[in-house]
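Each chain is listed here by its residues.
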Amino acid sequence: MKIIVIGPRGKMGKLITQVAASRDDMELIAGVAPKGRDYIGTDLGTVAMVGRELGVPVVDDLEKVIDACDVIIDFSTKEMGMEVLDLALAHKKGLVCGTTGFSPEEMARFEDASKEIPMLYAANTSKLVNIMNKLLELVVRTAGNDLEMHDQWKKDAPSGTSKEMGEIMAEALGKELKDIAVYGREGVSPRVPGTIGYHSLRAGNIPSSHTVYFGGMGERLEITHHSYNWECFARGACDCAAFLADKSAGYYTIKDVLNL
């Protein structure tokens, strides 16, 4: 299948390019970068530090190359993500999006697009994170707290992964996350039973760590996932793209990819 990677010099775009270049079932046809970057026109393999040239360019106009691809993989920014979505819809191309920080209204646009294109949105493409989410469903009847840690450059808090975990737990409780989430604590702030407390840490170059605590009287259960780097997410993103290869229009998730 023919792949376009958005933001090939970003921390995720670079790794996705490297992983895709190593797969026999994928052919990279272009990388798309924001306008004005000094590496526009350079070989994608050089830009993404693949270790060899790939014979395809990095461009700044997705519309010029989009018709040659089967699936677009986008882990860029929310602003660029909406532009990519519009073009994927206009040209009827499959889209894997792992960018986070979208508003509910913007997420609704992804769901609307899925009526016409194969659309896979995943806040986290790690296999083990999604197995962790499955475990959360098993123990969620005891309310918990969510602690997550990321690098100092992470913009949104809580992270998309952390929100997704909360949504899974809230759904299992028959509630909406927005109605039971508590973000941080200050002063006199006892825990209200049935709520989900969030705490977000940003420090150094921590790739991603998430812990959910389930507290009982005299005991505590912790479910934790640590990523050592971002490679697991890049591999998962490419698996998502491969999953879309023969899919019709629809809204897919990482659960569909992993049969969870």
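For the structure, check the block above.
Everything numeric here is computed off the predicted structure, so don't read it as measured data.

Engineer: Please clarify how the environment of Asp156 should be interpreted in this entry.
Structural biologist: Tracing the backbone through its elements, the reader meets Asp156 in the loop between strand E7 (144-150) and helix H6 (160-172). Considering only alpha carbons, one finds Asp156 and Tyr183, 27 residues apart in sequence, at a separation of 13 Å. The contact partners of Asp156, leaving out residues within four places of it in the chain, are Thr100, Gly101 and Arg202.

Engineer: Teacher, can you tell me more about the pattern of salt bridges here?
Structural biologist: When their charged atoms lie close together, side chains carrying opposite charge are able to pair. Counted according to the given criterion, the structure contains 14 salt bridges. For Asp25, the salt bridge is made with Arg23, and the minimal N-O distance between the two is 2.9 Å. The partner of Glu106 in a salt bridge is Lys78, with the nearest N and O atoms 3.5 Å apart. On the criterion of sequence distance, the pair formed by Glu106 in helix H4 (residues 104-113) and Lys78 in helix H3 (residues 78-91) is long-range, its members being 28 residues apart. Classification of Glu106 as buried rests on a relative accessible area of 19%. A relative accessible area of 27% places Lys78 in the partly exposed class. One salt-bridge network, in which partners are shared between bridges, spans Arg23, Asp25 and Asp239.

Engineer: Can you help me understand the packing of helix H1 (residues 11-22) against helix H8 (residues 231-243) in this one?
Structural biologist: To describe two helices that pack against each other, one gives the angle between their axes and the distance between the axes. The contact between H1 and H8 brings their axes to 8 Å, and the two run at 60 degrees. In this view, H1 runs oblique relative to H8, as classed from their interaxial angle. In the crossing of H1 with H8, the sense of the turn from one axis to the other is right-handed. Contact with H1, carried on its side by Met12, Leu15, Ile16, Val19 and Ala20, involves Glu231, Phe233, Ala234, Arg235, Ala237 and Cys238 of H8 and no other residues of that element.

About the thresholds
Residues numbered from 1 in each chain as written. Predicted model: local features only at pLDDT ≥ 70, side-chain atom pairs only at ≥ 80, totals over all residues. Heavy atoms only, no water. Helix = DSSP H or I, 4+ residues; strand = E, 2+ residues; numbered from the N terminus. Contact = heavy atoms within 4.5 Å. Salt bridge = Lys/Arg side-chain N within 4 Å of Asp/Glu carboxyl O. Buried < 20%, exposed > 50% of the residue type's maximum accessible area, 1.4 Å probe, protein only. Axes fitted to C-alpha atoms, helices over the stretch in contact; angles between N-to-C directions. Parallel < 35°, antiparallel > 145°, perpendicular 65-115°, else oblique. Left-handed = near helix turned anticlockwise from the far one by under 90°.

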